[in-house]
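Chain by chain, the residues:
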Amino acid sequence: MNVITLVHGRATQLANLIAGLEQSSIPPDALWVVWMNEAPTALHSERFPIHALRVDGENGALPLARARNAIRGRDEAQPWVFLDVDCIPSPTLLEGYRQALAAHPHALHQGEVRYLPPFANGVGWTAQSLHAASVAHPLAVFRSAAGQRMPYHLFWSLNFACHGEVFERIGGFDEGYLGYGAEDTDFAFRAREQGVELRSAAALAYHQYHPTYHPPLNHFAAIVANARRFRGRWNEWPMGDWLSGFAERGLIDWQDEQLDVLRQPSAAEIAACFNEARTGF
């Protein structure tokens, strides 16, 4: 079982992800680190090999889809675990995915993520301390029981797994999505289109805190562009809550068939959307 993570900066988070994998009940066959818009750093683990790849985006945009697609053509018969660099895997994450993939080898499997407050990922953390400090995402109440099918719109690429051949059947991630927003839902809808089931897996990871904004005005341009691309492909709008937030602030004119930008958010408006609760979601 291979693990893949995407990196831009995030040295501390990556070190914690590796430390989490080293505490796993079963080690991965390998960890693949895809560096985006920066040179790879030499990494080593006593428990598993670590491979480095580099992918560069145009005009400084993070090539998230292209970086995830870096697995295409590599060990298609093997399972792949996609883990966001902000996630620390629980000791049983890989075991949970191994069981899920054995039961449903042709499905897409969605793990669980709990969120950490600031500094919970500091030196000396343990699996027990992470769990005690973490909280569930509000949408977790809609998760199905382990092994059961899930609605496709709940797919999130922070923590998921599938066989390489299933990833290929879906067609990978659409590289036309740049930056933040909609690429995950597009991938899930492509899975649905190809008849690939989405199932819940007992594979828990802990998300290391980073600042968030409600709505995410800090990703305004990317969200607008990606929403338009999604609408053109699926004839529906994604990210409705965020687009509504943009419209309420007079930033966009959002109609059934059209989305027009009226103005860009100011620095003050972006700052005012900062999540003071520091929940990480």
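Our structure's up above, just so we're on the same page.
The structure displayed is predicted, hence computed values, not measured ones. Each residue is numbered by its place in its chain's sequence as written, counting from 1. The model is predicted, so local features are restricted to residues of pLDDT at least 70 and side-chain atom pairs to those at 80 or more, both for listing and for counting; the totals for chains, interfaces and linings are taken over all residues. As a rule here, side-chain values cover all heavy atoms of the structure and leave hydrogens and water aside.

A. Fine view of helix α6 (residues 183-193). Using a 1.4 Å probe on the protein chains alone, a residue whose accessible area is under 20% of its type maximum counts as buried, one over 50% counts as exposed, and one in between counts as partly exposed. The numbering of helices and of strands both runs from the N terminus, where a helix is a DSSP run of H or I of at least 4 residues and a strand a run of E of at least 2. With 8 of 11 residues buried, α6 lies mostly within the body of the structure. Turning to α6, its buried residues are Glu183, Asp184, Asp186, Phe187, Ala188, Phe189, Arg190 and Ala191. For this analysis, residues touch if any pair of their heavy atoms sits within 4.5 Å. Close packing links the buried residues of α6 with α2 (64-68), β6 (108-115), β8 (159-163), α5 (164-170) and α7 (220-234). Looking one or two residues past α6, glycine 195 carries a phi angle of roughly 75°, positive in sign.

B. Representation of the pairing of strand β9 (residues 198-207) in the model. β9 sits mainly inside the fold: 9 of its 10 residues count as buried. Strand pairing is assigned whenever DSSP detects at least two bridges linking the two strands. Sheet topology places strand β5 (residues 87-89) next to β9; 3 bridges connect them, and they run antiparallel. Residue pairing across strands places cysteine 87 opposite histidine 207, the latter belonging to β9. Examined bridge by bridge, β6 and β9 share 7 bridges and lie parallel to one another. Paired with glutamine 110 across the strands is serine 200, a residue of β9.

C. Structural view of a nonpolar patch on the surface. A surface patch of nonpolar side chains, about 330 Å² in accessible area, is lined by Leu139, Val141 and Phe142. By the element assignment, phenylalanine 142 lies in the loop between β7 (135-136) and β8. Taking the relative accessible area as the measure of exposure, phenylalanine 142 reaches 54% and is therefore exposed. A residue counts toward a patch only above 30% relative accessible area and without a salt bridge, and it is joined to like-charged neighbours within 9 Å or, for Val, Leu, Ile, Met, Phe, Trp and Tyr, to nonpolar neighbours within 5 Å. Residue burial considers only the protein chains on display, and all accessible areas are found by Shrake-Rupley using a 1.4 Å probe. Here a salt bridge means any side-chain nitrogen of Lys or Arg lying within 4 Å of a carboxyl oxygen belonging to Asp or Glu.

D. Representation of unusual backbone geometry in the model. The omega torsion of the bond from histidine 214 to proline 215 falls at -10°, within 30 degrees of zero and hence cis. With respect to the helices, strands and loops of the structure, proline 215 is situated in the loop between β9 and α7. Positioned with a positive phi, alanine 182 is a non-glycine residue whose angle comes to about 80°. Topologically, alanine 182 is positioned in the loop between α5 and α6. Phi at arginine 278 is positive, roughly 50°, even though this residue is not glycine. Topologically, arginine 278 is positioned in the segment after α9 (267-272).

None of this, on its own, says anything about what the molecule does.
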